[in-house]
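Structural overview
Here is how the chains run, residue by residue.
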Amino acid sequence: TQFFHGELGFAGNLNNYYAADNSFIHHVLESRRGLPISLAVLLLELGEHIGLRVSGVAFPGHFLVKCKIGMGEVVLDPFTG
């Protein structure tokens, strides 16, 4: 998440949450802002590409990413980092 949020600058679009562009991956890639689920899709792809065991987790009104590490699991929030 430090690479995804810190170095690449991805984050939730707090100022304009309901903008349609937050749902379109090509716009999210350009602006580095999006909805929880659009950011989760990118984080899932990045995690899988580097060999992590990641999956999406639906929460009421939110979407998270779960990463299996060893015998445990870590839940990541792609919207807030």
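Just so it is clear, the structure is predicted and the values come from calculations on it, not from any experiment.

**Remarks on the overall build of the chain**
In terms of helices and strands, the chain carries three helices and five strands. Listing every helix and strand of the chain by position from the N terminus yields α-β-α-β-α-β-β-β. For the chain, the C-alpha radius of gyration of 12 Å lies close to 12 Å, the compact-globule estimate for 81 residues. Overall, the C-alpha framework of the chain stretches about 40 × 30 × 15 Å when taken along its three principal axes. Within the chain, buried positions represent 32% of all 81 residues. Taking the intrachain contacts of the chain between residues at least 6 apart in sequence as the baseline, contacts between residues at least 24 apart amount to 31%. For the chain, the computed accessible surface area is about 5,200 Å², with 58% contributed by carbon and sulfur atoms.

**Quick word on the nonpolar core**
The biggest cluster of nonpolar side chains holds 13 residues, and the ones touching the most others in it are F4, F10, V28, L39, L42, V54 and V65. Of the residues forming this core, the biggest block, five residues, is contributed by helix 3 (residues 36-49). Leave out the neighbours within four places in its chain, and L42 touches F4, F10, I25, V28 and L29.

**Quick look at the pairing of strand 3 (residues 53-59)**
Across seven bridges, the pairing between strand 3 and strand 4 (residues 62-69) is antiparallel. The partner of A58 across the bridge, within strand 4, is F63. The turn linking strand 3 back onto strand 4 is made up of two residues, and G61 within it adopts a positive phi angle of 70°.

**Some thoughts on the side chain of N22**
Relative to the helices and strands, N22 resides in the loop between strand 1 (11-12) and helix 2 (25-31). Given a relative accessible area of 2%, N22 falls into the buried group. Of note is the side chain of N22, whose polar atom sits 2.8 Å from the backbone oxygen of Y17. Those residues within four positions of N22 in sequence are excluded, and the remaining contacts are N13, N16, Y17, V28, R33, G34, L35 and S38.

**Digging into a nonpolar patch on the surface**
On the surface, I25, L29, I37 and V41 cluster together into a nonpolar patch covering about 300 Å² of accessible area. Of all the elements in the fold, those that place two or more residues in the nonpolar patch are helix 2 and helix 3. Mapped onto the elements of the fold, L29 is located in helix 2.

**Here's the deal with helix 3**
The end-to-end C-alpha separation of helix 3 is 20 Å, in line with the 20 Å expected for 14 residues at 1.5 Å each. What helix 3 keeps buried is the set P36, S38, L39, A40, L42, L43, L44 and G47. Positive backbone phi, approximately 90°, marks G51, located one or two places after helix 3.

**A closer look at the pairing of strand 4**
Note that strand 4 and strand 5 (residues 72-76) share five bridges and pair antiparallel. In the sheet register, I69 faces strand 5, and the bridge partner there is G72.

About the criteria used
- Residues numbered from 1 in each chain as written.
- Predicted model: local features only at pLDDT ≥ 70, side-chain atom pairs only at ≥ 80, totals over all residues.
- Heavy atoms only, no water.
- Helix = DSSP H or I, 4+ residues; strand = E, 2+ residues; numbered from the N terminus.
- Rg over C-alpha atoms; globule rule 2.2 N^0.38 Å.
- Buried < 20%, exposed > 50% of the residue type's maximum accessible area, 1.4 Å probe, protein only.
- Contact = heavy atoms within 4.5 Å.
- Areas by Shrake-Rupley, 256 points an atom, 1.4 Å probe, with all protein chains shown as cover.
- Core = buried A, V, L, I, M, F, W, Y, C linked by side-chain atoms within 4.5 Å.
- Pairing = 2+ DSSP bridges.
- Polar contact = N/O pair within 3.5 Å; in protein donor to acceptor, adjacent residues only side chain to side chain.
- Patch = residues over 30% accessible without salt bridge, like charges linked within 9 Å, V, L, I, M, F, W, Y side chains within 5 Å.
- Salt bridge = Lys/Arg side-chain N within 4 Å of Asp/Glu carboxyl O.
- Expected span 1.5 Å × (residues − 1).

That's the geometry; what it means functionally is another story.
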